[in-house]
Amino acid sequence: MKFDSKLIHGGINEDEETGAVSMPIYRASTYHKPFLNSKLKWEYSRSGNPTRAALESLMADLENGNAAFAFSSGSAAIHAVFSLLSAGDEVIIGKDVYGGTFRLANQVMKRFGLNFTVVDTRNLDEVSAAINSNVKAIYLETPTNPLLEISDLAAIAEIAQKHDALMIVDNTFASPYNQKPLDLGADIVVHSGTKYLGGHSDLVAGIAVAKSEKIAEQLAFLQNSIGAVLSPDDSWLLMRGIKTLGARMRVHEDNAQAVVKYLLDSKYVKKVMYPGLETNPSFSIAKRQMKGFGAMISFELAGQYRAEEFVNRLHMISLAESLGGIESLIEVPAVMTHGSIPREIRLKNGISDGLIRLSVGIEDKEDILADLDQAFKTLD
Ligand SMILES: *Cc1c(COP(=O)(O)O)cnc(C)c1O
């Protein structure tokens, strides 16, 4: 089945009991056993819930994995995945990861004995050089948040396999519509379902997908043991969002291309970051491993203009954290999403105080361009 059809017909897409074409929301916390020795499929909703299971089987299908697990947030999914490791293990982590992931690694997992080595995963020599016998995982995003940097997934998977380290990819920015890390050799994909998968800025959710049965079994154990599961209601809502992922992404990307073109021509803009720019040094890798380039754009204003003044003057485009929703969202990472990263580290990693990140929505592109245009013109 093609991807767009899988979005709608993949996984468990109807209720076995009734044939309902929209999976019902099973809110029950527990399930009646007719006899003490009855072997039931469902026992207790933290361990397994039919609505959540439908979402999980759909996500396993979309990422070409063995099994998927739904969590109460992307951060909870990442926490469960880090929990595959033990005290003393080392993780090579990409330098440009979501601020909350950086915080989870440095302020939580470190206290439990995990060690993190921060590496620019675009540089394969740097990745190889960071390998030692304690390294049990390589964790990265591509495209990264917020700099939209691209790492070569297949090449890093080769390094990970050679050293028996798990390769974990946060696929939130690309979504499975544009990129399938498990097909390129990754072992685990994580998502903030809050973003493109949900797509409507109306839920918080996380997903982890395992390629092998062995890792799937370990994640099932951790999901049940730690317990940060996604509710049946939000599982249903996330499935509802996923069905239109393809249709949404095509409009997101069409709009993003128009915005990139506009920004490149603007005298108010110094630098534009977008994986689909041919001038981007990683363009050929992006082209090889992604179907499309997504709709996240970062940019810096020309010297004399201030990011704060610009974002304060937008009308339709919302100044807000998060991304991947139908509405265009804009933010300043240094103050908002990446504020938890110390300033020196932020600057070293290329996140300037004035960097602006735009998640291009699916409004009419003329309105998006007009809003940017009027806000820029107020700066003179
Ligand atoms: C938002 C985000 C997360 C965290 O997900 P939550 O659902 O907010 O917990 C992780 N990775 C990336 C790339 C994100 O954008």
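All values reported here derive from a predicted model rather than from experimental measurement.

**Student:** Quick one: what's the story with the overall build of the protein, residue by residue and with numbers?
**Tutor:** Scanning the protein from terminus to terminus reveals 14 helices and 12 strands. A globule of 380 residues ought to have a C-alpha radius of gyration of about 21 Å, and the protein, at 21 Å, matches this closely. The C-alpha extent of the protein, read off along each of the three principal axes, is 75 × 50 × 35 Å. Taking all 380 residues of the protein together, the buried fraction comes to 56%. If you sum the accessible surface of the protein, you get close to 16300 Å²; carbon and sulfur atoms cover 52% of it. Positive and negative side-chain charges in the protein, numbering 38 and 47 respectively, have mean positions lying 2 Å apart.

**Student:** Could you give me a rundown of the sheet that holds strand β2 (residues 90-94), with the residues and numbers involved?
**Tutor:** With respect to topology, 7 strands assemble into an open sheet ordered β1-β7-β6-β5-β4-β2-β3, the strand pairing being mixed. The open sheet has two edge strands with one neighbour each: β1 (67-71) and β3 (115-119). Strand-to-strand, the axes of this sheet are offset by a mean angle of 20°, without reference to chain direction. Across 5 bridges, strand β4 (residues 135-141) lies against strand β5 (residues 166-170) in parallel orientation. Paired with Leu140 across the bridge in β5 is Val169. The strands touched by helix α8 (residues 213-226) are β1, β5, β6 (188-192) and β7 (206-210); relative to β1, the strand with the most contacts, the crossing angle is about 20°.

**Student:** Can you tell me about the site of the ligand, naming the residues and giving the values?
**Tutor:** Around the ligand, 15 residues are found, and the nearest of them are Ser75, Asp170, Ser192, Thr194 and Lys195. Within the backbone of Gly74, one N or O atom sits 2.9 Å away from an oxygen atom of the ligand. At 2.7 Å from an oxygen atom of the ligand is found a side-chain nitrogen or oxygen belonging to Lys195. Burial of the ligand by the protein amounts to 93% of the accessible area it has alone, namely 380 Å². Looking at the shell around the ligand, the element that brings in the most residues is helix α3 (residues 74-82), giving 3 residues. Residues of the shell around the ligand, tallied by class, amount to 5 nonpolar, 7 polar and 3 charged.

**Student:** Please set out the environment of Phe376 residue by residue, giving values where relevant.
**Tutor:** Along the polypeptide, Phe376 turns up in helix α14 (residues 365-377). Overall, Phe376 belongs to the buried group, its relative accessible area being 0%. Linking Phe376 and Val269, residues 107 residues apart in sequence, is a C-alpha distance of 9.3 Å. If we ignore the near neighbours within four places in the chain, the residues touching Phe376 are Tyr262, Leu263, Ser266, Tyr268, Val269, Phe299, Leu301 and Phe310.

**Student:** Explain the UniProt feature "modified residue: N6-(pyridoxal phosphate)lysine" (unreviewed entry) in the protein residue by residue, including any values.
**Tutor:** With numbering matched to this structure, UniProt assigns "modified residue: N6-(pyridoxal phosphate)lysine" (unreviewed entry) to Lys195. Along the chain, Lys195 falls in the loop between β6 and β7. When near neighbours in sequence (up to four residues on either side) are disregarded, Lys195 contacts Thr172, Ser322, Leu323 and Gly324.

Criteria and thresholds
- Residues numbered from 1 in each chain as written.
- Predicted model: local features only at pLDDT ≥ 70, side-chain atom pairs only at ≥ 80, totals over all residues.
- Heavy atoms only, no water.
- Helix = DSSP H or I, 4+ residues; strand = E, 2+ residues; numbered from the N terminus.
- Rg over C-alpha atoms; globule rule 2.2 N^0.38 Å.
- Buried < 20%, exposed > 50% of the residue type's maximum accessible area, 1.4 Å probe, protein only.
- Areas by Shrake-Rupley, 256 points an atom, 1.4 Å probe, with all protein chains shown as cover.
- Lys, Arg positive; Asp, Glu negative; His and termini not counted.
- Charge placed at Lys NZ, Arg CZ, Asp CG, Glu CD.
- Pairing = 2+ DSSP bridges.
- Axes fitted to C-alpha atoms, helices over the stretch in contact; angles between N-to-C directions.
- Contact = heavy atoms within 4.5 Å.
- Near = heavy atom within 4 Å.
- Polar contact = N/O pair within 3.5 Å; in protein donor to acceptor, adjacent residues only side chain to side chain.
- Nonpolar A, V, L, I, M, F, W, Y, C, P; charged D, E, K, R; others polar.
- UniProt positions renumbered as here; feature names shortened; annotations may be inferred.

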